[in-house]
Amino acid sequence: MDSNKKYWKGLEELNRTPEFVEKNKHEFAEPIPIEEVLSGGGLSAKTPRRDFLKALGFGVGAVTLAACQKVPVHKSIPYLVKPEEITPGIANYYSSTYEGSAILVKTREGRPIKVEGNPGDLLSKGGLSAQAQASVLELYDTSRVKDPKLNGNPTGWPQLDKFVKDELTAIKAGGKRISIVSSTVHSPSTLAVIADFITAFPTASHVTYDAVSYTGIIQANKNSFGKAVLPHYYFDKADVIVSFGADFLGTWISGEEFTSQYVKNRNNKSLEAKKMSRHIQFESGMSLTGTNADVRMPIKPSEDGIALMNLYNALSGTSLPGSKKLTNANADKAIVLVAKELLAAKGRSLVVAGSNDVSVQTLVNAINSLLGSYGTTIDLDNPSRQYAGNDTDWTKFVADAKAGLVDAVLFLDANPAYDYYNAKDIEAALKKVRLKVTFSDHDDETAALCNAVAPNLHYLESWGDDSAIEGYYTVVQPTINPVNNTRQAEESLLLWSDNAVKTYYTYLRANWETNLLAKGALAGQAGWEALLQKGFINAAPAAAGTYSFALDLNAVAQTILSQSGKIAAGGKYELQVYQTPAMRDGKKANNPWLQELPDPVTKVTWDNFAAMSPSDIKDLGLDEFQVVTIKSVNGYSVSLPVLSQPGQARGTVSVAVGYGRTAAGLVGNNVGKNAYPFYNLLNGTFQTTSAVSVDVTSDIFPLSQTQTHHSFEGRNVIREATFTEYKKNAAAGSGKDEEHEKYDLWEKSVDDASHSRPVYDWVMAIDLNACTGCGACVVACSAENNIPVVGKDEVGRRREMHWIRIDRYYSYDNGKGELNVTKEKEIDELKDFENVSVVHQPMLCQHCDHAPCETVCPVLATVHSSEGLNQMAYNRCVGTRYCANNCPYKVRRFNWFNYWNDSRFDNYLSNEHTQLVLNPDVTTRFRGVMEKCSMCVQRIQAGKLKAKIEKRPLADGEVKVACQQTCSANAIVFGNRNDPNSEVSKALNSERTYYVLEELNVKPGIGYQVKVRNTLSELQA
């Protein structure tokens, strides 16, 4: 797009509020307390940061020798008999699984310190989510249950086993019911253990309950095609994608897998072939998927079904009864245009919806059947095994338990006392149950209601397997001995059912060798040892069949209309409840890496909030972060700070679940408010849409956001083009046709061409068209480079420590590709900011060849290497912060505290055995120095050393930096620019490549590829 198109990070920047202008004058929010330090006072013991960090309960003292065996700690004693598999200083990697995706676990001296995606993984293709990256930290969580418990008191396993077995035996003799309540289990061996348990206790049954339900899709497929399954979707096979509230790049079903599929038709390779999919998003609140859409249309939640009815009518030429126009006239116009696009791409299109309503999903099935999507972009014959929970079965269990029909319940990875919308029903039901056992490894909300806690192992301590997709199997293997006195849940079930096999490892291996590898689709595959080494195995998929839709839609349409009318008439505002990519359903609320990860859209950390459109906030006369009370028709109310969210549909409020935990652990307790009680049971499924009232209070509750902490002062750092422009000119939007006056502070003393170039020049390319803004790279960087958590108060002071940030920019196209926001009249033309578009830009140290930070450092703490890296010598740095002032990209972080070794800070990083969780290849920084991205120089050196030992050149792609390795979208390419055949050289030679603030002539080492949108030109006019 034209460079005069305006981008802004937040409304405070757009409107130049006095507070923003004042804060933005200074590089740092607060000065260093020099006088206090010099006078001997040091840092105040009353600092709010210390109060926060004292609440963090992460430590690793308990796991000092869990990697080997439980013996007393002896410091500085070398191995007398060294374990064969451990070489000090050399990492070991083990294949394992995280929620169905194959991963590699990096261990040092027997301690897991990092997880990476397995490059051969069928789902994420080697990428990992932020949650997966952060999962290693949970192993060292000191709030985990350390011993089994009976009636709230620690006990031994023999005592617990006797109590549970006696109770189960008595219940079996009395013919009373036993229920195993779990979230979705897609481990074949775990399911086999449960089946054996049910055989031993014939009155037992397995009830699957998921906090976030997909029953609507499963039931709709059963009604439509006779297959009660969650389909496997293929976004890479779709030329046109239309989503109605499904955040498929974020939290909907399998975000990492869908991301890797989605970008195949939108990345550099696809664009060079002049091919790009078109994505249209209809939704209420701005989602991660909505920010990446080519066309985004805000509609109310109650209008999802109406919009789908209108789309079906436009596609089929029929008229379902009661069809009506949408509140947003542009959305009505878009429906007509979208129908034409879908018909032109029959067999290469995909329509999805995020609703859990059976009627809405039935209508989606009818539309996809019309478009010939089954067998191409939708596969019902190789379905997903994720989210198999059945809402009807769960509600029946609760009713039966309340009626006294259930005498025993065993909870496996389920916490309904927190995430069920009617927690009072759970409490009432469990009071009638005789035996209540939970396998939770935390004293969570449900554990408080149980009389026995049999703590499960962390997955990095466990044996197991998984099969998230039909025909695809992965293995789980332990990477460390159990840290606490815990035991795998499957082993407990084997013992309590008097199974002939006593250990789960023996059971698991026998199940594979006797069943999975001996018969069926996996017959003839490599054996158990080979499976452990590879980490996954894939059976030949069944042929994806085509399916015809034959149901009468009149009743479906009437149901949709009736529900829509009830919601619209129930209150002035409609509530949308959603998940964030970091918190998801709230099970990981005690993980500080996830709590501190800025939300991809709002950039809020450590809280949830009520997102409303700027127009609604203006109408209510609300100030920034003013608290409002949201009350639903079912009587539940919650008070949350309001956030002005561009792109939010008018008349709607969005609130995230996953917060408001009361028994998550010291980190997650009382962070935010619980939104699960806003759910309703409607037509047999749990749904998140309802009418609410919004009452204004006088309270203010500040939120810690990061989006305007590092302002570029309106300079042109984002480049965009439409796909139409790109096809005419591959350099469209890159600014290559613009002339900039360049000034150089660095005189060339010699002719560069007369000197031989070094072997390596490490650079990076980032494709803005592939980056979705998910933030997984931020957590991966924190794990790899020992980046500390600072807490909400410090984030509010602009002191977050992340070395890589994902800048989120809003823009508005007034039809001319420009907006002059210096005129109030033109700001008013934005009205409610509904039609903004978003671009995500990863920003990290640019490793400039003419680095302005280097020229101002008085002690040469930051210098340039012969391989193109801007390096930091931490032991030289005296903390003048001149480098940060002189950095045009604002990517340097000042270390305000000695996070690692300050006795006043009792957190997961300042423990005597901190090295167990930290990466020993990366130095931990002392207070008062500058930090920044190092391009994972430790990985570069390790790769060079390995190549040297093997007497060969370093191969392209052999060194992957942490942010690159975790990216499911492959948006980041790193490598040697001096190798003309390297992937990074090819990427930087793309016509789409530009450099941020290139006019400053600092010669950054990171190039960006222009963002391209496949817009609908009719909607841009």
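Note that this is a predicted model, so its numbers are computed, not measured. (Residues numbered from 1 in each chain as written. Predicted model: local features only at pLDDT ≥ 70, side-chain atom pairs only at ≥ 80, totals over all residues. Heavy atoms only, no water.)

Go over the overall build of the protein chain with me, naming the residues and quoting the values.
Helix and strand counts for the protein chain come out as 33 helices and 42 strands. The buried share of the protein chain, taken over its 1021 residues, is 62%. Carbon and sulfur atoms provide 51% of the accessible area of the protein chain, an area that totals close to 38,800 Å². (Helix = DSSP H or I, 4+ residues; strand = E, 2+ residues; numbered from the N terminus. Buried < 20%, exposed > 50% of the residue type's maximum accessible area, 1.4 Å probe, protein only. Areas by Shrake-Rupley, 256 points an atom, 1.4 Å probe, with all protein chains shown as cover.)

Explain helix 8 (residues 215–225) to me, using residue names and the numbers behind them.
Among the 11 residues of helix 8, 8 are classified as buried, and the element is accordingly described as predominantly covered. Those residues of helix 8 that sit buried are Thr215, Gly216, Ile217, Ile218, Ala220, Asn221, Ser224 and Phe225. Check the buried side of helix 8 and you find it contacts strand 9 (230–233), helix 14 (358–370), strand 14 (378–384), helix 15 (391–402) and strand 28 (685–687). Taken from the residues just after helix 8, Gly226 is the one with a positive phi, measuring 75°. (Contact = heavy atoms within 4.5 Å.)

Go over the packing of aromatic side chains, please, and point to the residues and values.
Tallied over the entire structure, the rule returns 37 aromatic pairs. Centre to centre, the rings of Phe197 and Phe201 are 4.8 Å apart; their planes meet at 40°, and the pair counts as tilted. With respect to class, Phe197 is no different from Phe201; both count as buried. Measuring from ring centre to ring centre gives 5.0 Å for Tyr636 and Phe678, while their planes differ by 75°; the resulting arrangement is edge-to-face. Within this pair, whereas Tyr636 is found in the loop between strand 24 (626–632) and strand 25 (637–644), its partner Phe678 is found in the loop between strand 26 (652–656) and strand 27 (680–682), the two being separated by 42 residues in sequence. We classify Tyr636 as partly exposed; its relative accessible area is 24%. You can call Phe678 buried: its relative accessible area is 0%. (Phe/Tyr/Trp six-rings, centres within 6.5 Å; stacked < 30°, edge-to-face > 60°.)

Talk me through the sheet that holds strand 13 (residues 349–353); I want residue IDs and the actual numbers.
Read from one edge of the open sheet, 4 strands run 12-11-10-13, paired in parallel fashion. The two strands at the open ends of the sheet, each matched to only one other strand, are strand 12 (295–298) and strand 13. Averaged over neighbouring strand pairs, the angle between their axes works out to 10° when direction is ignored. Pairing of strand 10 (residues 240–244) with strand 11 (residues 278–283), which is carried by 5 bridges, proceeds in the parallel orientation. (Pairing = 2+ DSSP bridges. Axes fitted to C-alpha atoms, helices over the stretch in contact; angles between N-to-C directions.)

Which residues make up the nonpolar core, and what are the values?
Core analysis: the largest hydrophobic core is formed by 112 residues, its most contacted members being Tyr233, Phe244, Trp252, Phe282 and Trp394. Once residues lying within four places of it in the same chain are set aside, the contact partners of Trp252 are Tyr214, Ile217, Tyr233, Phe235, Ala246, Asp247, Phe258, Val352, Ala353 and Gly354. (Core = buried A, V, L, I, M, F, W, Y, C linked by side-chain atoms within 4.5 Å.)

Give a description of the packing of helix 6 (residues 157–173) against helix 18 (residues 489–496) that names residues and reports values.
One can describe the packing of helix 6 onto helix 18 by two numbers: an axis separation of 10 Å at closest approach and a directional angle of 55°. Between helix 6 and helix 18, the angle is such that the two are oblique. Here helix 6 runs over helix 18; the crossing is right-handed. Between helix 6 and helix 18, the residues in contact are Trp157, Leu160, Asp161, Val164, Lys165 and Leu168 and Ser492, Leu495 and Trp496, respectively. A breakdown of the residues in the contact of helix 6 with helix 18 according to their chemical character gives 6 nonpolar, 1 polar and 2 charged. (Parallel < 35°, antiparallel > 145°, perpendicular 65-115°, else oblique. Left-handed = near helix turned anticlockwise from the far one by under 90°. Nonpolar A, V, L, I, M, F, W, Y, C, P; charged D, E, K, R; others polar.)

Now, about the pairing of strand 10: what can you tell me, with residues and values included?
With 5 of 5 residues buried, strand 10 lies mostly within the body of the structure. The alternating pattern of strand 10 places Val240, Val242 and Phe244 on one face and Ile241 and Ser243 on the opposite face, and all of these are buried.

Any details on unusual backbone geometry? Residues and values, ideally.
In terms of backbone geometry, most residues other than glycine have negative phi values and most peptide bonds are trans. At Asn970, a position not held by glycine, the phi torsion is positive, near 50°. As for its placement among the helices and strands, Asn970 is situated in the loop between helix 31 (962–966) and strand 39 (972–976). Of note in the backbone geometry, Leu997 takes a positive phi value of approximately 55° without being a glycine. In this fold, Leu997 is placed in the loop between strand 40 (993–994) and strand 41 (1006–1009). With a relative accessible area of 1%, Leu997 lands in the buried category.

Go over the environment of Ala675, please, and point to the residues and values.
Here Ala675 shows up in the loop between strand 26 and strand 27. Ignoring sequence-local partners within four residues, the contact set of Ala675 consists of Val577, Val655, Ala656 and Val657.

I'd like a rundown of the pairing of strand 18 (residues 464–469), residues and numbers included.
Within strand 18, 6 of the 6 residues are buried, which leaves the element mostly enclosed by the surrounding structure. One ladder, built from 4 bridges, connects strand 18 with strand 19 (residues 472–476); its direction is antiparallel. By the bridge assignment for strand 19, Asp466 is matched with Thr474. Hairpin geometry of strand 18 and strand 19 is characterised by an intervening segment of 2 residues between the two adjacent antiparallel strands and by a positive phi of about 90° at Gly471.

Would you mind going over the pattern of salt bridges in detail, with residue names and values included?
Scanning the entire structure with this criterion turns up 43 salt bridges. For Glu283, the salt bridge is made with Arg296, and the minimal N-O distance between the two is 2.6 Å. Highlighted residues: Glu283 in strand 11 and Arg296 in strand 12, separated in sequence by 13 residues. Among the residues examined, Glu283 registers a relative accessible area of 3% and is labelled buried. You can call Arg296 buried: its relative accessible area is 10%. Counted as one network, the salt bridges with shared partners bring together Arg108, Glu109, Arg111 and Asp921. (Salt bridge = Lys/Arg side-chain N within 4 Å of Asp/Glu carboxyl O.)

Please provide a residue-by-residue account of helix 19 (residues 504–516), values included.
For an α-helix the count is 3.6 residues per turn, leaving residues at separations of three or four pointing the same way. All buried positions along helix 19 are accounted for by Tyr504, Tyr507, Leu508, Asn511, Trp512 and Leu516. An end-on view of helix 19 places all buried positions within 130° of arc, on one side of the element. Where helix 19 is buried, its residues meet helix 7 (188–200), strand 18, strand 19, helix 18, helix 20 (528–534) and strand 20 (536–538). (Arc of directions from axis to C-beta.)

Describe the packing of helix 7 against helix 18, and please don't skip the residues or the numbers.
Running from N to C, helix 7 and helix 18 cross one another at 20°; their axes reach a closest spacing of 9 Å. In terms of axis orientation, helix 7 runs roughly parallel to helix 18. Crossing hand, helix 7 versus helix 18: left-handed. Facing helix 7, whose interface residues are Thr190, Val193, Ile194 and Phe197, helix 18 presents Glu490, Leu493, Leu494 and Trp496. Its residues assigned to classes, the contact of helix 7 with helix 18 comprises 6 nonpolar, 1 polar and 1 charged.

An account of the sheet that holds strand 16 (residues 435–438) is needed here, citing residue identities and associated values.
Pairing within the open sheet is mixed, and its 7 strands lie in the order 6-5-17-16-15-7-8. Where the open sheet ends on each side, the last strands, each with one partner, are strand 6 (153–154) and strand 8 (204–208). Pairing geometry for strand 15 (residues 406–412) and strand 16, over 4 bridges, is parallel. Bridging from a neighbouring strand, Leu410 pairs with Val437 of strand 16. Sheet contacts for helix 6: strand 5 (149–150), strand 7 (177–182), strand 15, strand 16 and strand 17 (452–453); angle to strand 16, the most-contacted strand, approximately 135°. Across the sheet, helix 15 touches strand 7, strand 8 and strand 15, and the angle it forms with strand 7 is around 135°.

Can you lay out the side chain of His232 for me, pointing to particular residues and giving the numbers?
Of note, His232 is situated in strand 9. The class of His232 is buried, set by a relative accessible area of 5%. Polar side-chain contacts of His232 include one of 3.2 Å to the side chain of Tyr234. Within the structure, the side chain of His232 is placed 2.3 Å from the side chain of Glu257, a separation counted as a polar contact. (Polar contact = N/O pair within 3.5 Å; in protein donor to acceptor, adjacent residues only side chain to side chain.)

Help me get a handle on the state of the cysteines, residues and values and all.
Throughout the structure, instances matching the rule amount to 0 disulfides. Just so you know, Cys777 is unpaired, no disulfide at all, and the nearest cysteine sulfur is the one on Cys963, 6.2 Å from it. Between Cys887, a cysteine without a disulfide, and Cys853, which holds the nearest cysteine sulfur, the sulfur-to-sulfur distance is 6.5 Å. With relative accessibility at 7%, the residue Cys887 sits in the buried group. (Disulfide = S-S within 2.5 Å.)

How would you explain the environment of Pro888 if you had to name every residue and give the values?
Among the structural elements, Pro888 can be located in the loop between helix 29 (882–886) and strand 37 (893–894). Judged by its relative accessible area of 10%, Pro888 falls in the buried class. When the C-alpha atoms of Pro888 and Leu1000 are compared, they prove to be 8.8 Å apart, with 112 residues separating the residues in sequence.

Would you mind going over the side chain of Asn313 in detail, with residue names and values included?
Mapping Asn313 onto the fold places it in helix 12 (residues 304–316). We classify Asn313 as buried; its relative accessible area is 12%. Not counting the four nearest positions on each side in its chain, Asn313 is found in contact with Thr318, Ser319, Leu320 and Ser323.

Scope: geometric values only; no functional claims are made or implied.
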